Amino acid sequence: MNLVLKITPLLLFLTSGLFFIHHNQDTISVTSLSKKWTLSEYKYLTFSQAPSKKERNDYLHLQSDMTFSAVTEGVKEWGKWRLDAKKKRIYLSQEGQAGELIMIIDDLSPKQLVLIIDDPSDEDTKHLKICYKS
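What counts and how
- Residues numbered from 1 in each chain as written.
- Predicted model: local features only at pLDDT ≥ 70, side-chain atom pairs only at ≥ 80, totals over all residues.
- Heavy atoms only, no water.
- Core = buried A, V, L, I, M, F, W, Y, C linked by side-chain atoms within 4.5 Å.
- Buried < 20%, exposed > 50% of the residue type's maximum accessible area, 1.4 Å probe, protein only.
- Helix = DSSP H or I, 4+ residues; strand = E, 2+ residues; numbered from the N terminus.
- Contact = heavy atoms within 4.5 Å.
- Pairing = 2+ DSSP bridges.
- Salt bridge = Lys/Arg side-chain N within 4 Å of Asp/Glu carboxyl O.

Trainee: Tell me about the nonpolar core, and please be specific about residues and values.
Mentor: Within soluble globular proteins, side chains that are nonpolar generally end up buried alongside one another. Counting 19 residues, the largest nonpolar core has Leu62 and Ile90 as its most contacted members. Those elements giving two or more residues to this core turn out to be β1 (36–44), β3 (59–62), β4 (67–72), β6 (89–93), β7 (101–108), β8 (112–117) and β9 (128–133). Once residues lying within four places of it in the same chain are set aside, the contact partners of Leu62 are Leu33, Ser34, Lys35, Trp37, Thr67, Phe68, Trp81, Ile90 and Leu92.

Dropping the structure here:
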């Protein structure tokens, strides 16, 4: 009986953690991403920084028809996007530009989206989190 009392809290903790992980993966969908996300801050390792004056009005608007519009440092951009929910990746492509910008979804909730640029040629990008709010 004593062993059961010791193991039960551990099992509850582990199963609740698995539910959270599974639930979080289920929220990554075109529907959950399709909204206007406003740039709120950058995080690099333990540091955080507000957007610069040039970036204060930056946003990423992912639309359910798989098009996007964005403002980056005051420059308007638009194109198409696609989602790989299993890999937690958003792929952004712009007409007239070669290749795609690949973004890793680090965190997603109804009010927050955290992205990391997937660039294997730049080791530092994996530590830079781009935080948006809706």
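Trainee: Got a sec to walk through the pairing of β6? Specific residues and values, please.
Mentor: Each regular strand shows side chains that alternate between the opposite faces of the sheet. In this sheet, β6 lies alongside strand β5 (residues 75–84) in antiparallel orientation, the contact comprising 5 bridges. Note that in β6 the partner of Asp84 across the bridge is Arg89. As consecutive antiparallel partners, β5 and β6 are separated by 4 residues, and within that stretch Lys88 has a phi angle of approximately 60°, a positive value.

Trainee: Residue-level account of the pattern of salt bridges, with values.
Mentor: Here the structure, examined in full by the defined rule, presents 5 salt bridges. Salt-bridge contacts for Asp118 lead to Arg89; the nearest nitrogen and oxygen are separated by 3.0 Å. A residue pair is termed long-range when its members are at least 10 positions apart, and Asp118 in the loop between β8 and β9 and Arg89 in strand β6 qualify at 29 residues. Between Lys126 and Glu123 there is a salt bridge, with its nearest N and O atoms 2.5 Å apart.

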